[in-house]
Amino acid sequence: YQRRVHGAEAAAIPETFLTAYQCLFKYAALRPGESVLIHAAASGVGLSAIQLAREAGAADIVVTASAAKLPQCVLHGASQGVAKDEWAAGTALSGIKACGIDVVLDPVLGGGYLSSNLKVLRTDGRIVVIAMMGGSKFEFDASEAFRKRANIHFSTLRSRSDGYKGELVQEFWKFAESKFNSGRLYPVIEAVVPWESADLAHALLRENKNVGKVVLTVG
């Protein structure tokens, strides 16, 4: 990494960018010219995914987030923002469905998210689920998934072997090193908090005030 970075910036890169890279490229096989939908896009993983999709040549990067956070998502590369309340209410689906989505990155899953994802998904589209913020138990009509030949992948990186993680790091860095050095890719940090004040960091996350990562420092 040729560009000089401070410790907090370096600490904010691995988990967010590796998670986003694994989902977009190893699981969803994102190709240039395809469209992407990223939920909870103002999170560390979400903002990393926006940048990676942009650098991979995605034609359209649609995101959902709190209305107040959408301008930040656009600043970092999103082409269209939808307030999460509008997404949950279904009022934004018709416009997105008209253009169609090839790849969905979803950390929410429940609360109607999966059903709505399927409505805007193109035929042979891919949905990668990385968390269950909306709950793990819900109902949805599987006929839409069959009709569109949808590929729904449930992902977690934490339980992968050290060998897999090492290979993922090497593959990611081959794609990303020059882009970090040129400033095309970068971690987005909301706050750097001393370890002794971890309760303040947790409060930021609970109140959903952060855009990007909250990094704890030790010593």
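In this text the structure is predicted, and so the values were computed from the model without any measurement.

Asker: Break down the nonpolar core for me, with residues and values.
Answerer: Grouped together as the largest cluster of nonpolar side chains are 42 residues, with contacts concentrated most on Leu24, Ile38, Ile50, Leu52, Val63, Cys73 and Phe172. Looking at this core, the elements with two or more residues in it are helix H2 (14-27), strand S1 (35-38), helix H3 (44-55), strand S2 (60-65), helix H4 (70-75), strand S4 (101-106) and helix H9 (162-182). The dominant element in this core, judged by the number of residues it contributes, is H2, at eight residues. By size, the runner-up hydrophobic cluster in this structure holds 19 residues, among which are Val108, Leu114, Val120 and Leu121.

Asker: Explain the sheet that holds strand S5 (residues 121-129) to me, using residue names and the numbers behind them.
Answerer: With parallel pairing, the six strands of this open sheet are ordered in space as S3-S2-S1-S4-S5-S6. Edge positions in the sheet fall to strand S3 (80-83) and strand S6 (151-154), since each of these pairs with one other strand and no more. The average angle at which neighbouring strand axes cross in this sheet is 15°, direction not considered. Note that S5 and S6 share four bridges and pair parallel.

Asker: Please give an account of the packing of H2 against H3 that cites residues and values.
Answerer: Two numbers describe a pair of packed helices, the interaxial angle and the distance between the axes. Close contact between H2 and H3 brings their axes to 8 Å; oriented N to C, the two are set at 55°. Accordingly, the angle class assigned to the pair H2 and H3 is oblique. Regarding H2 and H3, the two cross each other, and that crossing is right-handed. Only Gly44, Val45, Ser48, Ala49, Gln51, Leu52 and Ala53 of H3 make contact with H2, whose side of the interface consists of Thr16, Phe17, Thr19, Ala20, Tyr21, Leu24 and Phe25. Considered class by class, the residues forming the contact of H2 with H3 number nine nonpolar, five polar and no charged.

Asker: Let's hear about the side chain of His76: which residues, and what values?
Answerer: Among the secondary structure elements, His76 is positioned in the loop between H4 and S3. Excluding residues that lie within four positions of it along the chain, His76 makes contacts with Leu47, Ile50, Gln51, Arg54, Tyr186 and Val188.

Asker: Could you give an account of the environment of Val188, naming the residues involved and the relevant values?
Answerer: As for its placement among the helices and strands, Val188 is situated in the loop between H9 and strand S7 (189-194). By relative accessible area, which is 14% here, Val188 ends up buried. Taking the C-alpha atoms as reference, Val188 lies 11 Å from Ala10; in sequence the two are 178 residues apart. Dropping the residues within four chain positions of it, Val188 is found in contact with Leu47, Gln51, His76, Val211, Gly212 and Lys213.

Asker: Kindly report on a nonpolar patch on the surface, identifying the contributing residues and their values.
Answerer: A grouping of Trp195, Leu216 and Val218 is seen on the molecular surface, where their side chains present a nonpolar patch of about 330 Å² in accessible area. Structurally, Trp195 can be placed in the loop between S7 and helix H10 (198-206).

Asker: Describe H10, naming the residues involved and giving the relevant values.
Answerer: Of all the residues in H10, the buried ones are Ala198, Ala201 and Ala203. The elements touched by buried residues of H10 are S7 and strand S8 (213-217). In the segment just after H10, Asn208 is the residue with positive phi, at about 55°.

Definitions and cut-offs
- Numbering of residues begins from 1 in every chain and follows the order in which that chain's sequence is written.
- Reporting in this predicted model follows two pLDDT cut-offs: at least 70 for local features of residues, and 80 or more for side-chain atom pairs to be given and counted; totals over whole chains, interfaces and linings ignore these cut-offs and use all residues.
- Excluded from the side-chain calculation are hydrogens and water; included are all heavy atoms of the structure.
- Residues belong to a common nonpolar core when they are buried Ala, Val, Leu, Ile, Met, Phe, Trp, Tyr or Cys residues joined through side-chain atoms within 4.5 Å.
- Relative accessibility decides the category of a residue: with a 1.4 Å probe and only protein chains considered, values under 20% of the type maximum give buried, values over 50% give exposed, and everything between is partly exposed.
- Note on conventions: DSSP H or I runs of at least 4 residues are helices, E runs of at least 2 residues are strands, and numbering of each starts at the N terminus.
- Pairing between strands requires that DSSP locate at least two bridges from one strand to the other.
- Axis definition: a line fit to C-alpha positions, over the contact stretch in the case of helices; interaxial angles, taken between N-to-C directions, run 0 to 180 degrees.
- Oblique is the label for any angle not under 35 degrees, not over 145, and not in the 65 to 115 range, which are roughly parallel, roughly antiparallel and roughly perpendicular in turn.
- If you view the pair so one helix is near and one far, a crossing is left-handed when the near helix is turned anticlockwise from the far one by less than a right angle, and right-handed when it is turned clockwise.
- Residues are treated as being in contact if the distance between any of their heavy atoms lies within 4.5 Å.
- Amino acid classes used here: Ala, Val, Leu, Ile, Met, Phe, Trp, Tyr, Cys and Pro are nonpolar; Asp, Glu, Lys and Arg are charged; the rest, including Gly, are polar.
- Think of a patch as exposed residues, more than 30% relative accessible area, with no salt bridge, where like charges cluster within 9 Å and nonpolar side chains (Val, Leu, Ile, Met, Phe, Trp, Tyr) cluster within 5 Å.
- Residue exposure ignores everything except the shown protein chains as possible cover, and the areas themselves are Shrake-Rupley values with a 1.4 Å probe.
- Every case where a carboxyl oxygen of Asp or Glu lies within 4 Å of a side-chain nitrogen of Lys or Arg is listed as a salt bridge.

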